[in-house]
Amino acid sequence: DTHVFTEDTVVYAVTNYLRFRQEGTILAGYYGTKEPRGRIIIDDTVTEIAKEAFRGCKDLTGELKLPASLTKIGGDTFFHCTGLQKVDFSACVNLTVIDYKAFYECTGLKGELKLPASLTKIGRGAFAGCTGLTGKLKLPVNFMDIDGDYALGAFQACTGLTGLDFSECTKLTKIVKDTFSKCTGLTGELKLPASLTEIGDGAFKDCTSLKKVDFSLCTNLTYISGFNGCTGLTGELK
């Protein structure tokens, strides 16, 4: 991707397009029992990646660049794809849903996760156990719904995350059960959005490095049950 050619060069490209199983605009998976390896390219005819399409494909590696046409990533799609190092959502202007456990325990993912502005929903366990994610996670302006059923939070045990940015969230009303539980790397001050009405059970459970929670914008917040085990909180609680 970054190589500069200074002379005529013959390039051989190996592709697994023929092994992809595509049903209309839905990428349903791949043919055969041999899992795809290395870096895969998903082209701009795909609007949805079906559930379990690449579940457990540990030999997928490098960067996964997703197309502008994509609107949904199904449940368990890249479940335990531990070789993936980065997911690039930069072209995703139509992606609204990342469903349950889509990138669950993709421990090879590194660096900052930049979610697309079009995203409205993240399913339970979507990025749970992605311990290599680092930096501040910014939730997009259209974001409305985090699913946390079955005590598996969307970002549970993402221990490398150091901050959360809710500054653009005007539609998020609930941070549900276990969403950020065991995110032990979250530190400093957590400023919550004005739109918030509820913080569910254990939403920030065992986030032991949090120092302060700022509720100053929360004029609609009626229920809090989410900071058990946050032993690092200090000072006055308002």
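Residues numbered from 1 in each chain as written. Predicted model: local features only at pLDDT ≥ 70, side-chain atom pairs only at ≥ 80, totals over all residues. Heavy atoms only, no water.

## Here's the deal with the sheet that holds strand E16 (residues 223-224)
Strand pairing in a sheet relies on backbone hydrogen bonds, with the paired strands running either antiparallel or parallel.
Move 1: Strand order in the open sheet made by the three strands is E12-E14-E16, with parallel pairing throughout. A strand with exactly one partner marks an edge of an open sheet, and here the two such strands are strand E12 (174-175) and E16.
Move 2: With two bridges connecting them, strand E14 (residues 198-199) and E16 associate as parallel partners. Residue pairing across strands places Glu-198 opposite Tyr-223, the latter belonging to E16. (Pairing = 2+ DSSP bridges. Helix = DSSP H or I, 4+ residues; strand = E, 2+ residues; numbered from the N terminus.)

## Details of the environment of Thr-25
Move 1: Among the structural elements, Thr-25 can be located in the loop between strand E1 (20-23) and strand E2 (26-30).
Move 2: Residue class for Thr-25 comes out partly exposed when judged on its relative accessible area of 38%.
Move 3: Taking the C-alpha atoms as reference points, Thr-25 and Ala-91, separated by 66 residues in sequence, lie 17 Å from one another.
Move 4: Excluding residues within four positions of it along the chain, Thr-25 makes contact with Thr-45, Val-46, Thr-47 and Glu-48.
Move 5: Here the side chain of Thr-25 touches Thr-47 through a polar contact of 2.8 Å, side chain to side chain. (Buried < 20%, exposed > 50% of the residue type's maximum accessible area, 1.4 Å probe, protein only. Contact = heavy atoms within 4.5 Å. Polar contact = N/O pair within 3.5 Å; in protein donor to acceptor, adjacent residues only side chain to side chain.)

## What to know about the side chain of Gln-156
Move 1: Positionally, Gln-156 belongs in the loop between strand E10 (145-146) and strand E11 (161-165).
Move 2: Looking at Gln-156, the relative accessible area reads 14%, which means it is buried.

## With respect to the nonpolar core
Move 1: Residues Phe-54, Phe-89, Ile-98, Phe-103, Phe-127 and Phe-204 are the most contacted members of the largest nonpolar core, which totals 66 residues.
Move 2: Among the secondary structure elements, those contributing two or more residues to this core are E2, strand E6 (84-88), E11 and strand E15 (210-214).
Move 3: Leave out the neighbours within four places in its chain, and Phe-103 touches Leu-64, Ile-73, Phe-78, Val-87, Phe-89, Ile-98, Ala-126, Phe-127 and Cys-130. (Core = buried A, V, L, I, M, F, W, Y, C linked by side-chain atoms within 4.5 Å.)

## Digging into the pattern of salt bridges
Move 1: Counted under the stated rule, the structure contains six salt bridges.
Move 2: Salt-bridge contacts for Glu-63 lead to Lys-86; the nearest nitrogen and oxygen are separated by 3.6 Å. Here Glu-63, found in strand E4 (residues 62-65), pairs with Lys-86, found in strand E6; they are 23 residues apart in sequence, far enough to count as distant.
Move 3: Classification of Lys-86 as partly exposed rests on a relative accessible area of 41%.
Move 4: Here Lys-212 ties to Glu-189 by a salt bridge, and the two come within 3.5 Å at their closest N and O atoms. Residue Lys-212 is located in strand E15, and its partner Glu-189 is located in strand E13 (residues 188-191); the two are separated by 23 residues in the primary sequence.
Move 5: Note on Lys-212: relative accessible area 42%, which makes it partly exposed. (Salt bridge = Lys/Arg side-chain N within 4 Å of Asp/Glu carboxyl O.)

## Notes on the packing of aromatic side chains
Move 1: If you walk through the whole model with that rule in mind, you get twelve aromatic pairs.
Move 2: Consider the rings of Phe-103 and Phe-127, whose centres lie 5.2 Å apart with planes at 10°: the pair is stacked. Residue Phe-103 is found in the loop between strand E7 (97-98) and strand E8 (121-122), and its partner Phe-127 is found in the loop between E8 and strand E9 (135-138); the two are separated by 24 residues along the sequence.
Move 3: Residues Phe-215 and Phe-227 carry aromatic rings whose centres are separated by 6.2 Å and whose planes lie at 85° to one another, so their mutual orientation is edge-to-face. Placement of Phe-215 in the loop between E15 and E16 and of Phe-227 in the segment after E16 is noted, with a sequence separation of twelve residues between them. By the burial criterion, Phe-215 is buried, and Phe-227 matches it. (Phe/Tyr/Trp six-rings, centres within 6.5 Å; stacked < 30°, edge-to-face > 60°.)

## Some points on the sheet that holds strand E5 (residues 72-73)
Move 1: The strand order across the open sheet formed by seven strands is E1-E2-E3-E5-E7-E8-E10, and the pairing between neighbours is mixed. Edge positions in the sheet fall to E1 and E10, since each has one partner strand and no second.
Move 2: Bridging between E5 and E7 involves two bridges; their strand directions are parallel. Bridged to Lys-72 within E7 is Val-97.

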